[in-house]
Amino acid sequence: MASIRRTLSPYQDRSHQNGGNVSPFSVNSPSHKLNSTSRFALGVRRFIGGFLLGLAPFGEFEDVRTPDFSFEVNRPPILDVKEDIVVDKVELAVVKRENVKERFDYVARKQVIVVTPTYNRALQAYYLNRLGQVLRLVPPPVLWIVVEMNVASTETADILRGMGIMYRHLVCTKNLTNIKDRGVHQRNTALEHIEHHKLDGIVYFADDDNIYSLELFETLREISRFGTWPVAMLAQSKNKAVLEGPVCNGSHVIGWHTNEKSKKLRRFHVDMSGFAFNSTILWDPKRWQKPISPSIRQLDTIKEGFQETTFIEQLVEDESQMEGTPFGCSKILNWHLHLEAREVGYPRGWLLQKNLDAVLPIE
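Here the structure is a predicted model, which means the values were calculated and not measured.

J.: Which parts of the structure should I look at to understand the nonpolar core?
T.: Soluble globular proteins tend to bury their nonpolar side chains together. Judged by nonpolar contacts, the single largest core of 33 residues is most densely connected at Ile145, Phe205, Phe275 and Phe277. When residues of this core are assigned to their parent elements, the largest contribution, four residues, is made by strand β2 (residues 142–149).

J.: Please explain the side chain of arginine 187 as it appears in this structure.
T.: For arginine 187, the location among the structural elements is in helix α4 (residues 182–197). On the basis of relative accessible area, arginine 187 is assigned to the buried category, the value being 9%. Not counting residues within four places of it along the chain, the set of residues in contact with arginine 187 comprises Pro117, Phe205, Asp207, Met272 and Gln298.

J.: What is the right way to look at the UniProt feature "active site" (unreviewed entry) in the protein chain in this model?
T.: With numbering matched to this structure, UniProt assigns "active site" (unreviewed entry) to Glu308. With respect to the helices and strands, the residue glutamate 308 is situated in helix α8 (residues 307–312). What glutamate 308 contacts, discounting residues up to four positions off in sequence, is Arg266, Val270, Asp271 and Met272.

J.: Even after reading the chapter, I still don't get helix α3 (residues 154–161), so can you show me in this structure?
T.: One turn of the α-helix equals 3.6 residues, which is why residues spaced by three or four share an orientation. Here α3 has its buried residues at Glu155, Thr156, Ala157, Ile159 and Leu160. Along its buried surface, α3 packs onto α2 (124–136), β2 and β3 (166–172).

J.: I tried to follow the pairing of strand β9 (residues 252–257) on my own but got confused; where do I start?
T.: Two faces make up the sheet, and in a regular strand the side chains alternate between them. Pairing geometry for strand β8 (residues 241–249) and β9, over five bridges, is antiparallel. Counted as the bridge partner of glycine 245 is histidine 257 from β9. Remark: two residues form the turn of the hairpin made by β8 and β9, two consecutive strands paired antiparallel; glycine 250 in that turn has positive phi of roughly 75°.

J.: What is the right way to look at the environment of leucine 337 in this model?
T.: With respect to the secondary-structure elements, leucine 337 resides in the loop between β12 (334–336) and β13 (351–353). With 101 residues separating them along the chain, leucine 337 and glutamine 236 place their C-alpha atoms 9.0 Å apart. With near-sequence residues (within four places) excluded, leucine 337 lies in contact with Ile211 and Leu234.

J.: Sorry if this is basic, but what is going on with the sheet that holds strand β11 (residues 323–324) here?
T.: Spatially, β3-β2-β1-β4-β10-β6-β11 is the arrangement adopted by the seven strands of the open sheet, whose pairing is mixed. Each edge of the sheet is formed by a strand with only one pairing partner; in this case those strands are β3 and β11. Note: strand β4 (residues 202–205) against strand β10 (residues 275–278), three bridges, orientation antiparallel. What sits directly across from tyrosine 204, in β10, is alanine 276. Its contacts with the sheet put α2 on β1 (112–117) and β2, and the angle it makes with β2 is roughly 165°.

J.: What is the right way to look at the pattern of salt bridges in this model?
T.: Oppositely charged side chains are able to pair whenever their charged atoms sit close together. Going through the model one piece at a time under the given rule, you end up with seven salt bridges. Here arginine 161 ties to aspartate 158 by a salt bridge, and the two come within 2.3 Å at their closest N and O atoms. Placement of the pair is arginine 161 and aspartate 158 together in helix α3, with a separation of three residues, close to one helical turn. Given a relative accessible area of 54%, arginine 161 falls into the exposed group. When its relative accessible area of 44% is taken as the criterion, aspartate 158 is described as partly exposed. As a salt-bridge pair, arginine 297 and glutamate 195 come within 2.8 Å of each other at their nearest N and O atoms. Of this pair, arginine 297 sits in the loop between α7 (280–283) and α8 while glutamate 195 sits in helix α4, and the two are 102 residues apart along the sequence.

Calculation rules
- Residues numbered from 1 in each chain as written.
- Predicted model: local features only at pLDDT ≥ 70, side-chain atom pairs only at ≥ 80, totals over all residues.
- Heavy atoms only, no water.
- Core = buried A, V, L, I, M, F, W, Y, C linked by side-chain atoms within 4.5 Å.
- Buried < 20%, exposed > 50% of the residue type's maximum accessible area, 1.4 Å probe, protein only.
- Helix = DSSP H or I, 4+ residues; strand = E, 2+ residues; numbered from the N terminus.
- Contact = heavy atoms within 4.5 Å.
- UniProt positions renumbered as here; feature names shortened; annotations may be inferred.
- Pairing = 2+ DSSP bridges.
- Axes fitted to C-alpha atoms, helices over the stretch in contact; angles between N-to-C directions.
- Salt bridge = Lys/Arg side-chain N within 4 Å of Asp/Glu carboxyl O.

The following block contains the structure:
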């Protein structure tokens, strides 16, 4: 309902300058009569306008107000909020989709550092591709260090780039007096690289012409300090297979597979592909309570066949610091077949590109 409030002038008793004693707001005042008439006319107009708007076919309309009147506005109801209301705690949740299994496949794994010496020969591309395909199946992290002599060939680089695994392509620049020491110096180049960059992981010497099972690389991550296992080897006569490596009681090394000829000469009867070790032994000997000593390297002054035992003697003191793997050392995880041919005769007309790939002639 409309309400009108007039504020009385504080000067209603004051005489006006024109000398009149009648207040402009008195009942008898002509201005009062004029205001009453105008107010009545305005009220009639608003009544008629409101009546006509009520008959108009509109769903809703704006309330037009004049500054002379104020209307009550509908306000939202006041809620009576009680103080003892407890709001449930808010929890964040992951909405699961139906028929979708949760996957938590991240596992912190040790890095496997595979060291492979290689050189130009007829089957080099085949060997590198075969080993690379096995390493692709090993769960990461895996670092493949491939070492060549004198120069890094573009053919080897192309194979490594196309393999899809993490690798480092190194070059050994050592001047050789005996070609048989080639692998020794190539492995030492990789050891220098690991020690200089403090690469953390399990180091494994994997020649490109050996045969490896996928299980072998999976067991490497179980090694703490030094691990070893038996290797099946094809005898030099190539008419029988022999074992070389540890005899184990569980994971404890208690003896060695060997023959009478080398039994008294070698301390540890292990093939180069039959052991792996923690890389921190190279650059953090204090971790293993080892005295600070010259860098651990293979020696080119040692006779062929004794490289393994002299190198291992720099890593461990005896069998008590070794770990036989897998449990019981009862599985053959890799083979050393000695099948490398000195000279491979390709059919007439075939092209050999730097001893890596054979190209058929175009007929």
